[in-house]
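# Report on the structure
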Amino acid sequence: MKTIYFVRHGESEGNVGTHYQEETTPLSEKGHTQAIALGERAKRLPIETIVASTMVRAQQTSAAISEATGIAIESSDVFIERRRPSEQINQLKDSERAVEAEEAIIRNSGIPGYRYSDEENFDELMERAGRALSYLENHPSDNILVVTYGVFLRVLATYSIFGEGTTEREFKGILSSFTSSNTGLTVLKYDSAQERPWSLLTWNDHAHLG
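Per chain, residue numbering runs from 1 following the sequence as it is written. With the structure being a predicted model, the display of local features is reserved for residues of pLDDT at least 70 and the display and counting of side-chain atom pairs for 80 or more, all residues being used for whole-chain, interface and lining totals. The side-chain values count all of the structure's non-hydrogen atoms but skip hydrogen atoms and water molecules.

### Concerning the sheet that holds strand 1 (residues 2-8)
Taken in spatial order, the 6 strands make up an open sheet running 3-2-4-1-5-6, and their pairing is mixed. Two strands close off the open sheet at either side, each with one partner strand: strand 3 (73-75) and strand 6 (198-205). Neighbour to neighbour, the strand axes of the sheet diverge by 25 degrees on average, direction disregarded. At least two bridges found by DSSP between two strands is the condition for calling them paired. Each helix corresponds to a stretch of at least 4 residues labelled H or I by DSSP, and each strand to a stretch of at least 2 residues labelled E; elements are numbered beginning at the N terminus. Of the pairings in the sheet, the one linking strand 1 to strand 4 (residues 143-148) comprises 6 bridges and is parallel in character. Its bridge partner lying in strand 4, Arg-8 is registered against Thr-148. Two residues form a contact once any of their heavy atoms are found within 4.5 Å. Interaxial angles span 0 to 180 degrees and are taken between N-to-C directions of axes, which are lines fitted to C-alpha atoms, for helices over the stretch in contact. Helix 3 (residues 56-69) rests against strand 2 (49-52), strand 3 and strand 4 of the sheet, and its axis sits at about 170 degrees to strand 2.

### Some thoughts on the nonpolar core
Side-chain atoms within 4.5 Å link the members of a nonpolar core, which is a set of buried Ala, Val, Leu, Ile, Met, Phe, Trp, Tyr and Cys residues. Think of it in three bands: residues with accessible area under 20% of the maximum for their type are buried, residues over 50% are exposed, and the middle band is partly exposed, with areas taken using a 1.4 Å probe on protein chains only. Core analysis: the largest hydrophobic core is formed by 24 residues, its most contacted members being Phe-6, Phe-79, Leu-136, Val-146, Val-155 and Leu-156. Contributions of two or more residues to this core are made by strand 1, helix 5 (122-137), strand 4, helix 6 (150-162) and strand 5 (185-190). In terms of residue count, helix 5 provides more of this core than any other element does, 7 residues in total. Apart from the residues within four sequence positions on either side, Leu-136 is in contact with Lys-2, Ile-4, Phe-6, Phe-79, Ile-144, Val-146 and Trp-198. Core analysis: the next-biggest nonpolar cluster, separate from the first, contains 17 residues, Ile-50, Ala-58, Leu-145 and Val-147 among them.

Here you go:
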C-alpha cells in the first residue's frame, strides 16, 4: 500500500499577475513563505521521497520542503502543468489572442480530439495522468510527496476516481467543483489488492497556512 501526498506549488507571480504563466515563472514572496510553512508540516509526515515537476515554481516549492526534511528531490516532467496554446503563454490574460484561444477551447471542449493550436488537449492530459499514476505505482517508495499544479492535480484526481475512459464531462465536474489552494495538501492511497486501487483521502488541506 502507498500513500501519496500531492501538493500544489506555492503562490507564483503568474497566479497573482496579469500574464499567463510559463515554465520559468517563479514563486512570489508569499509563495516562498507558503512553501516554508509546508516544509515545516512535511517534517511531521512519513515521506520517503519528494517528486517535483521540472517547472520553476514547483522546483522552488520542493526546495523548501527538501531543506526542511533533508529529503532529496527527484524531478519528473510527467507532473508538469497542463500545456496552454502558444497564443496564451506569457501573454496578457485579457489580450485579444489569449481570450480568443480560451473561448475556442471552451466552446469546442466536447469535440473528441479537438485542439486549438499546440496546447495539450483532453486526450493527452488523460494519457499523461495515467503515466503519472503508473510512475507512482511502480516507484520503490511507499510514502511520496509530489509537487505539481492546480489543474493537473485535478486531472490526476479525476483519473484516479474514474480510471481509464474518463470522460471530459467528468473532468469538467471535478475541475469546477474541487478548489485548490497554493500548497494545499491532497492525499491519495494506492492499494494494488483492491479492484479500484486508488482512493482519495484528503483534498486541499491547507491548515499549515493558518
